Amino acid sequence: MSRLFAVVRTADEIAEHFDTEVPIEINVPPETVEGTQGLVVIEKDGRRVLRSLSWGFPRQTKEMRLNGEPPGRIGLVADITNPMWEHVVVEPRYRCLIPLTHFANPEGEPRKKTRAWFSVVDEALIAWAGFCRNTEQFGPVFAGMTMATNELIMPYNERMPVLLHKGEWDRWLHGSIQDVIAFQFRDPMPSDAFTILHSGDRWQSGIPPHPPYSKNRNTMLML
């Protein structure tokens, strides 16, 4: 998947859906790209907490170190066997839920790419399976796990978020590494579970998805 998602809901709506308190300092960003703030739900002392963290774990290759370059960001977890994830994916304490309403993929000609927004038809809010931890370089950060995509999304990207229904949240937050593997390698949600908004907005426009969808795929509500 691409590195762009959005939550088109208020902080109160997100908190109610995920059964968390609403911290005073929480702001819902209009969109999240790597290196910017996004919202996550963690469990602390047996209760769920809504937090604002930056998207992307630090990543610094040997070549970057030799050249004196600072670490970059990696916000997508595609290969859980990669050594950089070996501790994070095993320990449940590093798991989180990433609230989202839409994730984007680019469409169109090079240098004229626009935003194609994908959302789940019958889910006003859905959780993306995520990991988070405190880092020396960037402080508290998060990343989302990806999986093979369905036929609808395939023309845009070979990967999509691992999306969790409400009944799967506890298994994700507390399960074993075998559960993590099972979530990543299960079949994706079917194509008819998704809707697409062909926004026409340029890829780097910063314009969030609008207006909201109806329950009929590819149809927007008339406001």
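Residues numbered from 1 in each chain as written. Predicted model: local features only at pLDDT ≥ 70, side-chain atom pairs only at ≥ 80, totals over all residues. Heavy atoms only, no water.

Trainee: Before we move on, could you go through unusual backbone geometry and cite the residues and values that matter?
Mentor: At D45, a residue that is not glycine, the phi angle is positive and equals roughly 55°. Tracing the chain through its elements places D45 in the loop between β3 (37–44) and β4 (47–55). Phi is positive for R111, close to 70°, though the residue is something other than glycine. Note that R111 resides in the loop between β9 (102–107) and β10 (114–120). On the basis of relative accessibility, which here comes to 81%, the residue R111 falls in the exposed class. (Helix = DSSP H or I, 4+ residues; strand = E, 2+ residues; numbered from the N terminus. Buried < 20%, exposed > 50% of the residue type's maximum accessible area, 1.4 Å probe, protein only.)

Trainee: I'd like to hear about the packing of aromatic side chains, residue by residue, with values.
Mentor: This structure, assessed with the given rule, holds 12 aromatic pairs. On the numbers, 6.4 Å between centres and 75° between planes, the contact of F5 with F142 is edge-to-face. Taken together, the residues F5 in strand β1 (residues 4–6) and F142 in strand β12 (residues 139–148) connect sequence positions 137 residues apart. By relative accessible area, which is 0% here, F142 ends up buried. A centroid spacing of 5.6 Å and a plane angle of 15° characterise the contact between F103 and F118, whose relative ring orientation is stacked. Remark: F118 occurs in strand β10 and F103 occurs in strand β9; sequence separation between them is 15 residues. One aromatic cluster is present, built from ring pairs that chain together F5, W55, W128 and F142. Lying over the aromatic face of F138, R73 brings its terminal NZ or CZ to 3.8 Å of the ring centre. (Phe/Tyr/Trp six-rings, centres within 6.5 Å; stacked < 30°, edge-to-face > 60°. Lys NZ or Arg CZ within 6 Å of the ring centre and 35° of its normal.)

Trainee: Tell me what's going on with the environment of V28, and back it up with residues and numbers.
Mentor: The topology assignment puts V28 in the loop between α1 (11–18) and β2 (32–33). Sequence separation between V28 and V88 is 60 residues, and the spatial gap between their C-alpha atoms is 26 Å. Discounting residues that sit within four places of it in the chain, V28 has contacts with V7, R9, T10, A11, I14 and L39. (Contact = heavy atoms within 4.5 Å.)

Trainee: Help me get a handle on the sheet that holds β10, residues and values and all.
Mentor: If you trace the five strands from one edge of the open sheet to the other, you get β2-β1-β9-β10-β15, paired in antiparallel fashion. Unpaired on one side and paired on the other, β2 and β15 (194–202) mark the two borders of the sheet. (Pairing = 2+ DSSP bridges.)

Trainee: Pulling in residues and values, what's your account of the pattern of salt bridges?
Mentor: Applying the stated rule across the entire model yields eight salt bridges. Here R47 makes a salt bridge to E21, at a shortest N to O gap of 3.7 Å. In this pair, R47 is assigned in strand β4 and E21 in the loop between α1 and β2, connecting sequence segments 26 residues apart. A relative accessible area of 45% places R47 in the partly exposed class. Taking relative accessible area as the criterion, E21 reaches 56% and is therefore assigned exposed. A salt bridge links R48 to D170; its shortest N-O distance comes to 3.3 Å. Here D170 lies in helix α3 (residues 169–174) and R48 lies in strand β4, a separation of 122 residues in the sequence. Salt bridges sharing common partners tie together E43, R48 and D170. (Salt bridge = Lys/Arg side-chain N within 4 Å of Asp/Glu carboxyl O.)

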